[in-house]
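Geometric and topological summary
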Amino acid sequence: MKIKIIEREVIDPLGETSADKIELADMPDTIEKIALIDNTKPNADVILNTVSENLEKLDILNVKKPAGAAATTREIKEASKADISILAVGDCGSCTTWLILDAIKLEKEGVPTISIYSHKFSQFARSIAKAHGAENLRIVKIEHPISGQEKEDIKSKTQIIIPKIKKMLKIN
Amino acid sequence: MPNKKNKKIDSEKACECLIEDLIEENIEKNEDRLCELSENDFEVYIDPDVEKISYEFYMKKMTDGLPIIPPTKDRVLKFFEYSDRKPDDVIATIPPRWGKATIEKIAINSVMAGCIPAFMPVVQDSIQAISQDKFNLPAINATTHPVSICTIINGPISRELVINNSTGCLGPGNIANATIGRAIRLCLINIGGAIPGIGDHATMGSPSKYSFCFGEAEYESPWDPLHVERGFSKDTSTVTVMAVDSPHNVNDHRSTCAEDLLDTIVHTASVAGCNNSHVPGEMLVIMGPEHAQLVAGDGWNKTDVKEYIHENTFVPVEMGDRGGRKIESKWIDSDGNVHITRKPEDVVLVVVGGPGRHTMIAHGFGTSSDSVTIPITLKDGTPVDSIRDFKNKKL
């Protein structure tokens, strides 16, 4: 007699994902006004001010949003008045998550975005963007850490990423 | 079960019959008693080896590090009996992966956590509660902060499931308290992708992330329990979820009046370095029954207690302003202090525990997360009197 012992199978506990692909808004050939979205994390303002100083001749619209929560409809609407938005900074889990989600919200509104993350959180940022069908979201890495650092150090770190931002903005 | 008569016999095809299928279908013909697709005279199905499956799942980052119960089909099916929804119904999508929390996936993770099937409605509703916008799960799951999800069960179902609200209820030792919280955590890991270092970025994490679930000692409390305070009848069962730090003990054996005791609690709660000290929000006060009876004995109602704690729990702004973001001026009072809570209602007060003169406090996640209380109901919104109401109520 042939006896076969069969082990019962186990079922996969992982949740399925499905996200519709989000088409990123095209970067315009000419930019007149840029919204700088400060999520109020320490030194986000220093990063954005340094970016601003390097973008002469452009109108700047300053917008603030909470770090660990969604930008309000009013804040998104305000930022949408500019041609493009630059968001900073994702240097922790919750602020990175919401910076990506807010950037995606703006892209859906037709506003091209560039968002800035510390290099320790940029991979996570990309994975969230991917989970939302926006794998190619414009993400710029700045050297971690950001919080608790001297202003001059943050300015120096920001200078390193200015050429990349300018390239994304098609500015020479 | 497949119709064997019309099925082409293929010796290379594995037989997929399960004993459950045979029982369910009530096979009449003798020849079907042994599947004719089988090359064997006798087949025995056994459960997978717990140690082996636990390690396999662990290597795939699908556990919290502890051994799991292997989620076999028969175990998962038993959990479906305690949900009136279909297995593929989506209860929520869980960040940061935005995985779909279907009834099936919640049941699988509950099996793994060691839940018994009757816990299913509580886990299911907890997942629904944490997915409400005001709870802010995208931040809670991904943050560097060691925030955990505290789940408080009120009403008759809490007692029916013997959720511990007395001695040692914050652990260890009770299957409901230990596994309901664990099931929620496994859902976050496996459905939501909140894997430490990948989707969950807590700098250190927290022991409270393994499980943090308890009931309220409603019969020991001199005041209305949490769910009644939030507008539900005492006979309605509810799930409350709250994002909090690990609790800190308040040992006060010597105070003989309400004010002295509350001052000890206030002193423990007035600390810089919590989220609330720069972005004020809710704070959980888990008050032991002996403490509650002392306070109530002095004529204090629940509102009085919440107001007192709110008014007196604060830190100087220069200490508070060292957190994750700069304090907004609206949180600074005329004396230059930051209150840990925004308003008396932010003091979430429950009476919990056994004999002894202890209270525990746990600061919340701050301004950006609020606790959520939902009633345990059938799909059509009818509150349930008993967990057994879910059985045979498929819609």
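Residues numbered from 1 in each chain as written. Chains lettered and ligands numbered in written order. Predicted model: local features only at pLDDT ≥ 70, side-chain atom pairs only at ≥ 80, totals over all residues.

The next thing to look at is the overall build of chain B. Broken down by element type, chain B carries 13 helices and 13 strands. Counting only residues that meet the buried cut, chain B has 50% of its 395 residues in that class. Sequence separation of 24 or more characterises 79% of the internal contacts of chain B that already satisfy a separation of 6 or more. (Helix = DSSP H or I, 4+ residues; strand = E, 2+ residues; numbered from the N terminus. Buried ≥ 20, exposed ≤ 12 C-beta atoms within 10 Å, placed from the backbone. Contact = placed C-beta atoms within 7 Å.)

The next thing to look at is the interface of chain B and chain A. Across the contact, 43 residues belong to chain B and 35 residues belong to chain A. Of all the secondary-structure elements, those providing two or more residues to the side of chain B that touches chain A are strand E1 (42-46), helix H3 (73-80), strand E3 (99-102), helix H4 (103-113), helix H6 (137-142) and helix H8 (175-190) of chain B. If one sorts the elements of the side of chain B that touches chain A by residue count, E1(B) sits on top with five residues. As defined by bridge partners, strand E1 (residues 3-7) of chain A adjoins E1(B) across five bridges and the pair is classed as parallel. Bridging across to E1(B), Ile3(A) finds its partner in Phe42(B). (Pairing = 2+ DSSP bridges.)

What follows is about the packing of helix H1 (residues 44-53) of chain A against helix H5 (residues 151-168) of chain A. Residue and element names in this part refer to chain A. Direction vectors running N to C along H1 and H5 enclose 50°, while the axes themselves pass 9 Å from each other. Considering the angle they form, H1 stands oblique to H5. Like other packed secondary-structure pairs, H1 and H5 cross with a definite hand, here right-handed. Residues Val46, Ile47, Thr50 and Val51 of H1 pack against Lys151, Ile154, Lys155, Thr158, Gln159, Ile162 and Ile165 of H5. (Axes fitted to C-alpha atoms, helices over the stretch in contact; angles between N-to-C directions. Parallel < 35°, antiparallel > 145°, perpendicular 65-115°, else oblique. Left-handed = near helix turned anticlockwise from the far one by under 90°.)

As a further point, take the environment of Arg126(A). All names here are of chain A. Within the secondary structure layout, Arg126 lies in helix H4 (residues 122-131). You can call Arg126 partly exposed: it has 18 C-beta atoms within 10 Å. Counting along the chain gives 11 residues from Arg126 to Leu137, while the straight-line C-alpha distance between them is 7.7 Å.

It is worth spelling out the sheet that holds strand E3 (residues 59-64) of chain A at this point. Residues and elements named next belong to chain A. Ordered in space as E3-E2-E4-E5-E6, the five strands form an open sheet in which the pairing is parallel. At either end of the open sheet lies a strand with only one pairing partner, and these are E3 and strand E6 (139-142). Adjacent strand axes in the sheet meet at a mean angle of 20°, parallel and antiparallel pairs treated alike. Two elements, strand E2 (residues 33-38) and strand E4 (residues 84-90), share five bridges in a ladder whose sense is parallel. Paired with Leu36 across the two strands is Ile86, which belongs to E4. Each of E2, E3, E4, strand E5 (113-118) and E6 is contacted by H1, which is oriented at about 145° to E4, the strand it contacts most. Across the face of the sheet, H4 comes into contact with E4, E5 and E6 while running at roughly 165° to E6.

Here we take up the environment of Ala272(B). Residue and element names in this part refer to chain B. The residue Ala272 is located in the loop between helix H10 (258-269) and strand E8 (283-287) in this model. What makes Ala272 partly exposed here is the crowd of 18 C-beta atoms within 10 Å. Separated by 42 residues in the primary sequence, Ala272 and Phe314 place their C-alpha atoms 8.8 Å from one another. Apart from residues no more than four positions distant in its own chain, Ala272 is found in contact with Ser277, Val315, Met319, Gly320 and Arg322.

The next point concerns the sheet that holds strand E7 (residues 248-251) of chain B. Residue and element names in this part refer to chain B. Pairing in this open sheet of four strands is mixed, and the strands run E7-E12-E8-E11 from one edge to the other. Edge positions in the sheet fall to E7 and strand E11 (347-351), since each of these pairs with one other strand and no more. Within the sheet, the average angular offset between the axes of one strand and its neighbour, ignoring direction, is 20°. Against the sheet, helix H12 (residues 302-312) touches E8 and E11, its axis set at about 130° to E11.

Here the focus is the confidence of the model for chain B. Residues and elements named next belong to chain B. Chain-level pLDDT for chain B is 92 on average; 90% of the residues reach the 70-or-more range. pLDDT under 50 marks residues 1-13. Its contacts with residues more than four places away, or in other chains, come to 12 contacts. Taken together, the chains of this predicted complex give a pTM of 0.91 and an interface ipTM of 0.91. (pLDDT = per-residue confidence, 0-100.)

As a further point, take the environment of Ile116(B). For Ile116(B), the location among the structural elements is in the loop between H4 and helix H5 (120-130). By the C-beta count within 10 Å, which is 15 here, Ile116(B) ends up partly exposed.

All names here are of chain B. Where H10 meets H12, the closest approach of the two axes is 10 Å, and the angle between their N-to-C directions is 45°. Regarding the angle of H10 to H12, the classification is oblique. Relative to H12, the crossing made by H10 is right-handed. Judged by residue contacts, Leu262, Ile265 and Val266 of H10 engage Val305, Tyr308, Ile309 and Asn312 from H12. Residue composition of the contact of H10 with H12, grouped by class: six nonpolar, one polar and no charged. (Nonpolar A, V, L, I, M, F, W, Y, C, P; charged D, E, K, R; others polar.)

Residues Ile47(A), Val123(B), Cys187(B), Leu284(B) and Val285(B) are the most contacted members of the largest nonpolar core, which totals 148 residues. A domain-level breakdown of this core finds at least three residues from each of domain 2 (49-243 + 370-389) and domain 3 (246-363) of chain B. Contacts of Ile47(A), omitting those with residues within four sequence positions, involve Ala88(A), Val89(A), Ile116(A), Ile142(A), Ile154(A) and Thr158(A). (Core = buried A, V, L, I, M, F, W, Y, C linked by C-beta atoms within 7 Å. Domains from an automatic or database assignment.)

It is worth spelling out helix H11 (residues 289-297) of chain B at this point. Residues and elements named next belong to chain B. Regarding H11, the residues found buried are Pro289, Glu290, His291, Ala292, Leu294 and Val295. Elements in contact with the buried residues of H11: H10, E8, H12, E11 and strand E12 (358-363). Just beyond H11, the residue with positive phi is Gly299, at close to 90°.

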